[in-house]
Structure formats: C-alpha cells, structure tokens
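Spelled out, the chains give:
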Amino acid sequence: MAMMRYAEALNQALREEMQRDPSVFLFGEDIGRYGGVFKVTKGLMDEFGESRVRDTPISEQALAAMAVTASMTGTRPVLEIMYADFMPLVLDALINQASIYEYLWQNVTMPFVLRTQGGGGAGAGAQHSKSLDSLVAHIPGIKVVAPVTPADAKGLLKSAIRDSQPVVFLEHKLLYNLRDEVSDDPDLLVPIGKAKTVRVGADVSIFATSRMVLESQKAAELLAQDGISAEVIDLRTLRPLDLDAIIGSITKTHHAVVVNEGWRFCGYAAELSATIMDFAFDALDAPVARVTLPDMPVPYAEPLELAVLPNAARIADAARATLK
Amino acid sequence: MKNAPSLDEQLEMHRKMFVVRRLEERLGELHKVGKTRGPIHRCDGQEAVGIGATAVLGTGDFVTSTHRGHAHYIGKGVDIRGVTAEILGRATGTCGGRAGHMLIGDRDKGMIGGNAIVGGSIPAATGMALSIQVRGTSDVAMCFFGDGAAQTGICHESMNMAGLWKLPLVFILEHNQFGLTVHHSVQSPVADLSIRAAGYAMAAEIVDGNDTVAMYRATATAVERARRGDGPTLIEAKTYRMQGFSTSDMGGYQSEADLADWNRRDPIQVSRLALADSVGTERLDQVEAGAVAEVDAAVEEALAAPLPTFELFTRSSPYATAPEAV
Ligand SMILES: Cc1ncc(C[n+]2csc(CCOP(=O)(O)OP(=O)(O)O)c2C)c(N)n1
Ligand SMILES: [Mg+2]
C-alpha cells in the first residue's frame, strides 16, 4: 500500500498495463512531453517512447474513430479526451461505429479505453465544467465507469484496459489531488459492474458516482445529526449497472435518492430512477428523488456555479423529503 | 501605400494594444493573489493580431473569437469595463458573470463571441458569412483561430465551403507556435498552414503578426475582397505567446531563446518605433498612460462591484426544470 493522489493512481495503472502488455498505447492532446494537463500521463513518454505515448493534433473526432479501429486490429489504445465537454465531438465514433460492430461482424473486438474528465467547481465556465455521463451511458455496447477513490481509479482503469469491449472512463477534475491508500499489487483489479457500499444505513439509500459520492457521504453525516440513517452506494460503474446492489439496498431502506452532476431531463439520474422503478418498485415507500444539475449551462462566477452544483445540503434535503 | 492606416488609426491601434497588455498584466497579478477564477489565457505578445485585424471592421461586421480573445474583444469595441468585470465574475460584467473570460459575447458590437471549444470559432464565422451572403449585405465575418485549431476537422469543412461559395469571410490564423503545450511541429507536417488555401481556391497571405500596420494592411485587402464578393482570405499571422498557455500552465516547454527572440519583437515596441518619428515619444507616453489609467480604473471598479446572484434560467421552456425531490 502507498499513499498517492488520484492522478498518480491512474498514472500507475497506465504504467503497469503498458509494462504488462506491449499492445497498450496512449494517445491524446498534450499527454506526451507535457504529461497531460492533469499530469495523469506524466513520465510515460520517457519510459515507453514516442510511438506508444503520442501527442496528437486537436482532432477529437478522428482520434476517437481511430481508437475504435486501432482496437479492432490488434492494439489496446487508451485515448485521452481532455474535457468531457468535448465528448459530443467523439459521439459519432462511439454511437455509429463502436456500438455496432460487435453485433454486425464476426470475430471483432474493440478493446479501447476513452479517458476523459468532467464536472464543475473549478470556475472553468460553460464549455469546460459539464458532466455528460448520460450521453455515453446511453450507448449500447459501451461500458462506463466513474471512480471516486484513488484505489478504485487504479483498479478500474486496469480492468478497463484489459476489457475486450469499449470502456469510457470518467474522471473528475476536482478529484485528481485527492490522496488515499492504493495497492501496489499489479494484479489487483477492481471489477467493472460492481458497486460499493461506502456507508451502511437503514432509512434511505443514496446512489452516486464520482465526486458526488463524496457529497453523498457528507449528506449522510448531516442526516445522521437528524437521526436519519443513510446508506451510501458508490455505483462505480454507470453501465452495466450493479442491479443486485441497488435492489438489495432499497429492499432494506425502502427509500432512494439518486445523485448525478449532469442535467436532469433525460439525465443519468432519470435512468437510475426508472431502473429502480423497474426492479424495486414494490420495495419503495416513496418516489425516487433526483438530485442533479438544473437544466441550464454551468455559469462562471463563483456564487452562480456553486448554486447549480449538487451538494451535500441538497442531497440531504432530498433524502428528508422522501422520508416525509 | 495601399490600405495603410491613417496616423490616427495607427495611434488608436497602439492605444488599444496597450489597453490589452495592461489588462493581461493586471490579470496576471490578480491571479497571483488568488483574485481570479479558473484559468485565464493571456495574449501578451499577440496583441497586434487582434487589434490590427479588427481595426478595419465596422460594427456591422461580425467577429468570432477563441479562448484567448481579449485583444479581439477590445479591438471590436467591447467596453473594457464590462470585459474586466466579466473576467472577474462580477454582476456588472458584459455577460453578468455567467460567461467568464473565454465566452464573452456582445451582440451589439458584432462580437459573438468567445469560444472555448477549439475550432468552434471557424464554422461559427462561416455561418455568419453565409447569413451575410443570403441577406445580400456588404458586411463581412472574421474568425480568429489558432494553429492548434487549424488541425480540427471543422476547420477544413468550413474553409472548403467558404471557398466553394465565395463567402465574405476573413480567416485570421493566429499562429503562436503552440497548441496548448504542443509545438506546431508536433501538430502539423508543414510550417506554413496557409499553403492549404490553394486547396480551397482561397487567397492567402503570411503576415508579421507582431506588426499592427502589416496586420491592418493585409486585413484591409482581405475585407475589401470579401465585400466585393470575391470570396474569403486566409491570413496567417506569425506571432508568439509570451505568457504560456494559461494561468494554470506549469511551463517547461517554451525555449528561453525563443522567448528572448520574440521579446525583441514585442508588438508594442514595434508599434512605438513605427510611430515615434511621426507623433513623438511624448504623445506616445501620454497615450500609454491614458490606457493604463483606463484599465486600472476598470479593474478597481470591477473588484468593488457586486458578485452576481443566482437565478434559475427558465426564460424559455427547453431550460425549464422539473421540480426537485418529491
Ligand atoms: C475541442 C477541444 N479540444 C481541446 C481543447 C483543449 N484546449 C484548449 S486550448 C487548446 C490549444 C489551442 O491551440 P491554438 O488553437 O493554437 O490556440 P492558442 O492556445 O495557441 O491560442 C486546447 C488543446 C478544447 N478547448 N477544445
Ligand atoms: Mg496556438
């Protein structure tokens, strides 16, 4: 075990997987010499050379389509898209290319990973602060993960790289400096599709991913002060969902709050809510509550940005409302 | 000299460059003491491109900009006080603090607007040029974009249509040698991106981007061509980014030799030298002092201005949000 930052844990995962498998290569903007704008790929060009760690032009649409076909033909590319806000540029590659070939063609696998980071709170404005989870989670055939701890970041990235299907790996700009214990066992993987109960509770279940797990944990503290026992589930994987974990928790608490930093209308929280209704309706004592970004752009000025981001107080309010 | 600026115009360009430089320097200081928000992309060293190119435009002409737009905003006549307050996230900003420094837009001034999706400014101006052509007016659209943005797919798509339809459009490629931290030689196999213009049957010119007069003359020719209906022009302005990519830049990729070399060609010094004989250094000092006072007043005013208060954006139904919780 070693203490390290989330960004360092990701770096370690990339390094170990590149050492283990020569078909793994990295490409993306500013990832080589500079080591990535969030320093996730620091030192990797020096270690693995310019062929396996490539700085690219600003050409997201082509890069994503290239990741799809490079992965079909014998490599395991890991593409970094600097901000999740640029995901609209790569959606054609995911929706019209990656998601169809396994169905249409025999003997085709697409073991690529698309890493990106989203989320607000850094004053980066309306084009650099979004969480667009639902855009990618919407696509059949694409796995989507969004870890919050350094250990999960490492273990899930390793699983994603070894996976034979496309994985979109969602990071959060406010998590990169978070420090925690991480295993240095190069064979320790965190499985895709498994949620984690980060706080056990009896009255209400709060489901979240990425940075919203931290806000949910804070919300659980607030609720505890009111004598409400909240269970917090870190889904870790957005698709495929860990239905057993979701149903199991609701069967116990009978109340659910779903939290997502993205928009509300047709958002990831809406999908979670519908899924809970599909599979655990009989266990529910109240409608599922959603805590999301309001349906508007992320503003720049601090008081405006803070007003739109979901936070512990809003999550706790939603939990209290479901228990009324 | 064909399309040369008048002495008054030249002095006004000098003043505006000084306004932009002072603003960048004040923002740099404010960043150091934690009074700015988010990354700020300064354009120190590139002022002549934005100021020189916009000097030939009227308010009816449209400009689209990038994440590095301060010189474009000021050049197109957006009020320095509004710009400063917007960058500092104040209620009195051009966009009420909602946009921030990368996304400032001022419809009345024809600046719509900043764009932080790299390449986004290019089809944006192309659409405006299309609108001008459809409406049959003699206005033009101008887009600023970087050497990094030139590598996007939409750059090619836009230029192809601009050439095909002879759109009234001026492409200003601000070639500052880097896309974020990546040197242009790692982004493109050719040094002069303007050679691409041939593939779009488009006029092109390489210009010293640190010389406002050269920028003015090249742009004036391009704008005349566009107003005549003779199609778009690609102006490749060679310049250099003196302050790194942004205030969150960790540096280490720009060579000291290059910095020193380009510092000798600082556009403000080039302009001073060009004006010294005709207007005298005393007048220049006066103009510069005026610019400093204007920016400093704008900064003080912005710092004292109130922060915005949040309102849900429900002006039109697509933004309306279902009520939260149950
Ligand atoms: C579509 C997209 N990809 C990547 C980025 C991140 N990014 C912001 S500025 C920049 C470099 C742009 O280079 P250039 O166009 O030369 O402008 P400069 O910063 O040099 O002014 C990059 C890669 C972005 N904002 N948008
Ligand atoms: Mg550049």
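As the structure is a prediction and not an experimental result, all values here were calculated from the model.

Here we look at the site of ligand 1
For step 1, the next point in the chain: Within the structure, ligand 1 sits among 22 residues, and Glu60 of chain A together with His67, Arg68, Ala116 and Gly148 of chain B are positioned closest to it.
For step 2, the next point in the chain: Separating a nitrogen atom of ligand 1 from a side-chain N or O atom of His128 of chain A is a distance of 3.4 Å.
For step 3, the next point in the chain: Between ligand 1 and His67 of chain B, the relevant distance is 2.8 Å, taken from an oxygen atom to a side-chain nitrogen or oxygen of the residue.
For step 4, the next point in the chain: For ligand 1, whose free accessible area comes to 590 Å², the fraction covered by protein is 96%.
For step 5, the next point in the chain: By residue class, the composition of the shell around ligand 1 is eleven nonpolar, six polar and five charged.

Brief notes about the interface of chain A and chain B
For step 1, the next point in the chain: At the junction of the two partners, chain A supplies 41 residues and chain B supplies 46 residues.
For step 2, the next point in the chain: Approximately 3,400 Å² of surface area, both sides summed, lies buried where chain A meets chain B, with 64% of it carried by carbon and sulfur atoms.
For step 3, the next point in the chain: It is Tyr34, Ile58 and Tyr300 of chain A that lose the most area in chain A upon contact with chain B, and together they represent 22% of the buried surface on that side.
For step 4, the next point in the chain: Run the count over chain A and chain B and you get two salt bridges.
For step 5, the next point in the chain: Across the salt bridge formed by Arg37 of chain B and Glu302 of chain A, the nearest N and O atoms sit 3.9 Å from each other.
For step 6, the next point in the chain: Connecting chain A to chain B are twelve residue pairs in polar contact (both at pLDDT 80 or more).
For step 7, the next point in the chain: Mapped onto the side of chain A that touches chain B, the elements with two or more residues apiece are β14 (289–293), α10 (302–308) and α11 (312–323) of chain A.
For step 8, the next point in the chain: At six residues, α10 of chain A tops the list of elements feeding residues into the side of chain A that touches chain B.

Observations regarding the packing of aromatic side chains
For step 1, the next point in the chain: Counted according to the given criterion, the structure contains eleven aromatic pairs over all chains.
For step 2, the next point in the chain: Pairing Tyr101 of chain A with Trp105 of chain A gives two aromatic rings, centres 4.2 Å apart and planes at 15 degrees, and the pair type is stacked.
For step 3, the next point in the chain: When the centroid spacing of 5.5 Å and the interplanar angle of 10 degrees are considered together, the rings of Tyr240 of chain B and Trp262 of chain B count as stacked. In this pair, Tyr240 of chain B sits in the loop between β7 (233–238) and α9 (256–263) while Trp262 of chain B sits in helix α9, placing the two residues 22 residues apart along the sequence. Summarising the burial analysis for this pair, Tyr240 of chain B and Trp262 of chain B share the class buried.
For step 4, the next point in the chain: Three or more aromatic residues joined by ring pairs form one cluster here, namely Tyr6, Phe38, Tyr83, Phe86 and Tyr176 of chain A.
For step 5, the next point in the chain: The ring of Tyr34 of chain A carries the charged tip of Lys39 of chain A above its face, separated from the ring centre by 3.6 Å.

Calculation criteria
Residues numbered from 1 in each chain as written. Chains lettered and ligands numbered in written order. Predicted model: local features only at pLDDT ≥ 70, side-chain atom pairs only at ≥ 80, totals over all residues. Heavy atoms only, no water. Near = heavy atom within 4 Å. Polar contact = N/O pair within 3.5 Å; in protein donor to acceptor, adjacent residues only side chain to side chain. Areas by Shrake-Rupley, 256 points an atom, 1.4 Å probe, with all protein chains shown as cover. Nonpolar A, V, L, I, M, F, W, Y, C, P; charged D, E, K, R; others polar. Contact = heavy atoms within 4.5 Å. Buried area = accessible area lost by both parts, 1.4 Å probe. Salt bridge = Lys/Arg side-chain N within 4 Å of Asp/Glu carboxyl O. Helix = DSSP H or I, 4+ residues; strand = E, 2+ residues; numbered from the N terminus. Phe/Tyr/Trp six-rings, centres within 6.5 Å; stacked < 30°, edge-to-face > 60°. Buried < 20%, exposed > 50% of the residue type's maximum accessible area, 1.4 Å probe, protein only. Lys NZ or Arg CZ within 6 Å of the ring centre and 35° of its normal.

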